[in-house]
Amino acid sequence: MDSLTEKIAPADAEGIARAARILRDGGLVAFPTETVYGLGADATNGRAVAGIFAAKGRPRFNPLIVHVQGLAEAERHAIFSDIARRLAARFWPGALTLVLPRATTALSELVSAGLSTVALRVPSHPVAQRLLREAGLPIAAPSANSSGRVSATLASHVEDALQDKVDVILDGGPTALGLESTVIGFDGARPVLLRPGAIARDDIEAVSGPLQKAGANIQSPGQMESHYAPDATLRLNASTVEQGEALLGFGPSSDATLNLSIRGDLKEAAANLFAMLRELDKNARRIAVMPIPDTGLGEAINDRLRRAAAGRE
Ligand code: TXA
Ligand code: MG
């Protein structure tokens, strides 16, 4: 076996048991969630959490999402308001992250990067759930990509970026949603959309009422810098394709090199987004992207595309 494939383990009982041991020993485990792959460490172990930042090459300590088994466990780490509890009841397990005031907790300070809040999520992916149960620990996990690069939706994407830096990569196949979780924080009692993601704004607002825009009072540090960048340059809202460009299509198109969703389905487009950007990035220096409506999941897709287009300066 070569060193490249040794890191990937099937997400079966044996693989998960091994990954749980590695987490308890302070190591790093990449694992599938329903959104994207995560790069996980014991959230109560500051040295293990520091290992995540080192592995990702994060320019500074952005706060991390702590993954837990359920609402009861989450309530030991953070102070829930009524709206937060309603959102958790409706969307957990699932692609919702809540940023809440920290309780007195065993969580490492580093997961909060010095803030008085902590981001919590209960993933629905069966491998993530089983890993959380077997490790018996909260797991801090950002998306399993190098800092500033496109998120991983396959175990092989993780391997490309982090093979030397992670102890094991649990292979659970392609992630179903393909976009990171929606991150909601609070400005006092008012819910704030910190990052559009795999649960559309309308679905959240049906439970929480209107979401505020992130602003001066509250923001998401990881959202400040340009993110999700491929090597190729991106041209958005392209109606035609120019010479030397690969075209990422949406809806019917005879010119598309790859198509996010021929039938114009935003869910399908979200699931394909990162893998198709990676694929086009291998062969093209310039990628043109057809317009994507800004409704439903389109808000998060367009957010990621704008960041990718902004480059990494
Ligand atoms: O779907 C997901 O959310 C994936 C999977 C692995 O769970 N994780 C993920 O993590 O995307 P990451 O680290 O790439 O993004 C976490 C986002 C960042 O924008 C970060 O700034 C924000 O959550 N965040 C975390 N803790 C925060 C806090 N205390 N206050 C404000 N924003 C926070
Ligand atoms: Mg990320």
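Nothing here was measured: the structure is a model prediction, and the numbers come from that model.

Enquirer: Could you clarify how one ought to interpret the sheet that holds strand β13 (residues 245-249) in this entry?
Expert: Backbone hydrogen bonds are what pair the strands of a sheet, in a parallel or an antiparallel way. Strand order in this open sheet of four strands is β12-β15-β13-β14, and the pairing throughout is parallel. Bordering the open sheet on either side are β12 (233-235) and β14 (258-259), each of which pairs with just one other strand.

Enquirer: What is the right way to read the nonpolar core from this model?
Expert: Soluble globular proteins tend to bury their nonpolar side chains together. Ranked by internal contacts, the top residues of the largest apolar core, which has 76 residues, are Phe80 and Leu98. For this core, the element with the most residues is helix α9 (residues 266-283), which contributes eight residues. Aside from chain neighbours lying at most four places away, what touches Leu98 is Phe80, Ala84, Leu87, Ala88, Trp92, Val118, Ala119, Leu120, Ile184 and Phe186. If you look at the next biggest cluster of nonpolar residues, it comprises 18 residues, including Ile16, Ala128, Leu131 and Leu170.

Enquirer: Is there a simple way to think about the packing of helix α5 (residues 82-91) against helix α8 (residues 201-208) in this case?
Expert: The packing of two helices is summarised by the inter-axis angle and the distance between the axes. Across the interface, α5 lies against α8 with an axial gap of 9 Å and an inter-helix angle of 130°. By the criterion of interaxial angle, the relationship of α5 to α8 is oblique. For the element pair α5 and α8, the recorded crossing hand is right-handed. Note on element contacts: α8 touches α5 through Asp203, Ile204, Val207 and Ser208, opposite Ile83, Arg86, Leu87, Arg90 and Phe91. Here the contact of α5 with α8 is composed, by residue class, of five nonpolar, one polar and three charged.

Enquirer: Explain the pairing of strand β6 (residues 117-121) to me, please; I cannot follow it from the model alone.
Expert: Successive residues of a regular strand alternate their side chains across the two faces of the sheet. A large share of β6 lies buried, amounting to four of its five residues. One ladder, built from three bridges, connects strand β4 (residues 65-67) with β6; its direction is parallel. Each residue of the ladder has a partner; that of Ile65, found in β6, is Ala119. Note that strand β5 (residues 96-101) and β6 share four bridges and pair antiparallel. Of the residues in β6, the one forming a bridge with Val99 is Ala119.

Enquirer: Got a minute to help me understand the packing of aromatic side chains in this structure?
Expert: What describes a pair of aromatic rings is the distance from one ring centre to the other and the angle between the planes of the rings. Inspection of the entire model under this criterion finds one aromatic pair. When the centroid spacing of 6.2 Å and the interplanar angle of 75° are considered together, the rings of Phe80 and Trp92 count as edge-to-face. In this pair, Phe80 sits in the loop between α4 (71-77) and α5 while Trp92 sits in the loop between α5 and β5, placing the two residues 12 residues apart along the sequence. The pair Phe80 / Trp92 is uniform in exposure class, with both members buried.

Enquirer: How should α5 be read in this particular structure?
Expert: Count 3.6 residues to each turn of an α-helix, and residues three or four apart come out pointing the same way. For α5, the full list of buried residues reads Ile83, Ala84, Leu87, Ala88 and Phe91. All buried residues of α5 project into a common sector of 135° when viewed along the axis, lining one side. Residues of α5 that are exposed and point more than 90 degrees away from the buried face comprise Asp82, Ala89 and Arg90. The inward-facing, buried residues of α5 abut α4, β5, β9 (182-187), β10 (190-195) and α8.

Rules used throughout
- Residues numbered from 1 in each chain as written.
- Chains lettered and ligands numbered in written order.
- Predicted model: local features only at pLDDT ≥ 70, side-chain atom pairs only at ≥ 80, totals over all residues.
- Heavy atoms only, no water.
- Pairing = 2+ DSSP bridges.
- Helix = DSSP H or I, 4+ residues; strand = E, 2+ residues; numbered from the N terminus.
- Core = buried A, V, L, I, M, F, W, Y, C linked by side-chain atoms within 4.5 Å.
- Buried < 20%, exposed > 50% of the residue type's maximum accessible area, 1.4 Å probe, protein only.
- Contact = heavy atoms within 4.5 Å.
- Axes fitted to C-alpha atoms, helices over the stretch in contact; angles between N-to-C directions.
- Parallel < 35°, antiparallel > 145°, perpendicular 65-115°, else oblique.
- Left-handed = near helix turned anticlockwise from the far one by under 90°.
- Nonpolar A, V, L, I, M, F, W, Y, C, P; charged D, E, K, R; others polar.
- Phe/Tyr/Trp six-rings, centres within 6.5 Å; stacked < 30°, edge-to-face > 60°.
- Arc of directions from axis to C-beta.

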